[in-house]
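Structural overview
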There are 2 protein chains.
Amino acid sequence: METKKLGKQSVKLVNPPSIAATYSIVGPKEGEGPLGKYFDAILDDEYWGESTWEKAETKMVKECIGNCIAKVQLSNSDIDYLLAGDLINQCTPSCFGSRETSIPFFGLFGACSTFTESLSLGSMLIDGGYATNVVCATSSHFCSAEKQFRFPLELGNQRPPSAQWTVMGTGSAMLTKNGDGPYITCLTTGKIVDMGIKDANNMGAAMAPAAVDTMYMHFKDTGRSSNYYDLILTGDLGYIGKEITTELMETRGYNIKNNYNDCGVLIFDKEKQDTHSGGSGCGCCASTFCGYIFNQMQAKKLKRVLLIATGALMSPTTAQQKESICGIAHAVSIESNL
Amino acid sequence: METKKLGKQSVKLVNPPSIAATYSIVGPKEGEGPLGKYFDAILDDEYWGESTWEKAETKMVKECIGNCIAKVQLSNSDIDYLLAGDLINQCTPSCFGSRETSIPFFGLFGACSTFTESLSLGSMLIDGGYATNVVCATSSHFCSAEKQFRFPLELGNQRPPSAQWTVMGTGSAMLTKNGDGPYITCLTTGKIVDMGIKDANNMGAAMAPAAVDTMYMHFKDTGRSSNYYDLILTGDLGYIGKEITTELMETRGYNIKNNYNDCGVLIFDKEKQDTHSGGSGCGCCASTFCGYIFNQMQAKKLKRVLLIATGALMSPTTAQQKESICGIAHAVSIESNL
């Protein structure tokens, strides 16, 4: 068997799965942002006809998965596995959004790293010979997340400049065994990194060290230079986390200034949309990738992308119990050509 | 490549990974139960020297993983992946219990199905050639779970007879590529099944249809009869769920009366321990397997076990929003000989 393991944390996919299709659904604010034209659907409000935000997010997951499968003219019975996760307690939107699919289901929790966690596991399931088609889905919703993690929205709390804006968005990617790209070629799975940050309004700083750790290990394990990629894209570090990441990578000998960006920086307009340090949430990376980046790869404007979703492993309970915020990040190398 | 897919929901592991070691830690009540002598460690109280139940559960996960790895004289750097999950919001015990390991980490959420979810993904990662050693860990804690899902313990609420007792327990299993068994040979991954049950004090009834669905699909996909196994063991259906499962399997043409049991039935003494319908929680299946069942397999008293952890995908929020309880179950076939 050809060696699949690369270094300490990475693997090479010997029969790289293709991303056959993606689907993205976002909220009104995301639709008004710079990436608006790339999303498959933009909702008019935060409820989408449902009575609660959690039900709206559940509907987003359900519709996003269904439309992703429909895009490639497959039906649910053609899908071997569905991998999904989100930020809400007990992953409600993913579980309830998947309940009518009848697709074998693996629920994931990696906070905002979940999208690349799902792509990682999904592509190993295909490359390993266990599946032909796998759907990976991730979501977040500003209102359900803020209510759960911070304050009731009705309070109208002021947000500090380091805070990020949880993206209302879902992204689904259909991975397939026999496609013509873009291909998932390499994975670097992150370990948990905790640098002692406790400020839940500065998630970018809490997650940046994990992003740096995974990015560095990816280059080390694969022997690739940072210039190998047209774009290195973290999930939701925002402006502050992006700056920290750029600096920390420089201290490790990597200049990523010219080809590095962050989904939380891309998805909102800093001047006009008042989102402070940028976007965050599981849906930030998922909708930016499934909307904008996948489009750019199909148009061959981007050929090699290193996508690194970044997660802050914390809860209101851990914050109340004075715990620090653990970070984690998983990198997925996506390439137009083999 | 040899075909790995079996039927609709199952896969055959071509190079079956071994379970090289397990470790289990339980609380005092579980230690006093019928399986007491099989657990690696029994704690004296619900805190284990920590200031909160969540921190105690976190310590249980941390120690359980560490001791499992130590049992086979390996160190953390020998472990390719750690897969873990639990019931607490944002999987706090798993994430915080894993943060010092420096092992590439995949967080999972499958409610009480998480233990076999982790064994499923872990064994595909090894069989597929991506890993040599994988640790799978799952936990629950009576106090942290009751507090989060039902009522403050201080209220002293009376529990209806259909209620189950969340197990305070952790189990870790070390999967390895080159072992001498017990082997993980087949997997059947469950789909979400929702039969409309809304009573959070009758989880057994909510999860039983999912257990039946997965068990039935396992027999259908693999062509095995129910008699193939010395023991078919569900995760935490308790007395009520076990009875429903037995009856529903009979209507589908399978008599499992003589070789079927449930971890929630085994772990407590019905007469003496006042746990009503039996044990539940992620840790119920994990500690029963990692303690009792693994011991019986090593002693060759059990040679073929079908382990089916069962999960109820619900949260206090979904209950308040009048949602039903979705069930899911994943089956793992564990055999002493190939």
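Conventions used here
Residues numbered from 1 in each chain as written. Chains lettered and ligands numbered in written order. Predicted model: local features only at pLDDT ≥ 70, side-chain atom pairs only at ≥ 80, totals over all residues. Helix = DSSP H or I, 4+ residues; strand = E, 2+ residues; numbered from the N terminus. Rg over C-alpha atoms; globule rule 2.2 N^0.38 Å. Buried ≥ 20, exposed ≤ 12 C-beta atoms within 10 Å, placed from the backbone. Contact = placed C-beta atoms within 7 Å. Core = buried A, V, L, I, M, F, W, Y, C linked by C-beta atoms within 7 Å. Domains from an automatic or database assignment. Nonpolar A, V, L, I, M, F, W, Y, C, P; charged D, E, K, R; others polar. Least-squares fit on C-alpha atoms with pLDDT ≥ 70 in both.

What follows covers the overall build of chain A. Along its length, chain A carries 10 helices and 15 strands. Over its C-alpha atoms chain A spans a radius of gyration of 18 Å, differing by no more than 12% from the 20 Å that the globule rule assigns to 338 residues. When the backbone C-alpha atoms are referred to their principal axes, chain A occupies close to 60 × 50 × 35 Å. Across the 338 residues of chain A, 64% fall into the buried class. Looking at chain A alone, contacts between residues at least 24 apart form 79% of all its contacts between residues at least 6 apart.

This part covers the nonpolar core. One recurring pattern in soluble globular proteins is that nonpolar side chains are buried together. Of all hydrophobic cores here, the largest spans 224 residues; its most connected members are Val134(A), Val135(A), Val134(B) and Val135(B). Apart from the residues lying within four places of it in its own chain, the contact partners of Val135(A) are Ile65(A), Cys68(A), Ile69(A), Ile79(A), Leu82(A), Ser172(A) and Met174(A).

So, on to the domain arrangement of chain A. Residues and elements named next belong to chain A. Taken as a whole, chain A is organised into domain 1 (5-176) and domain 2 (183-335). Computed from C-alpha atoms alone, the centre-to-centre distance between domain 1 and domain 2 is 17 Å. Contact residues are listed per partner, giving 60 residues for domain 1 and 62 residues for domain 2. Ranked by residues supplied to the side of domain 1 that touches domain 2, first place goes to helix 4 (residues 114-127) with 7 residues. Grouping the amino acids of the side of domain 1 that touches domain 2 by side-chain chemistry returns 27 nonpolar, 24 polar and 9 charged.

Expressed as a screw operation, the relation of chain A to chain B combines 0.0 Å of axial shift with a rotation of 180°, fitting to an RMSD of 0.0 Å. In the structure described here, the two chain copies are related by an operation that fits a two-fold rotation axis.

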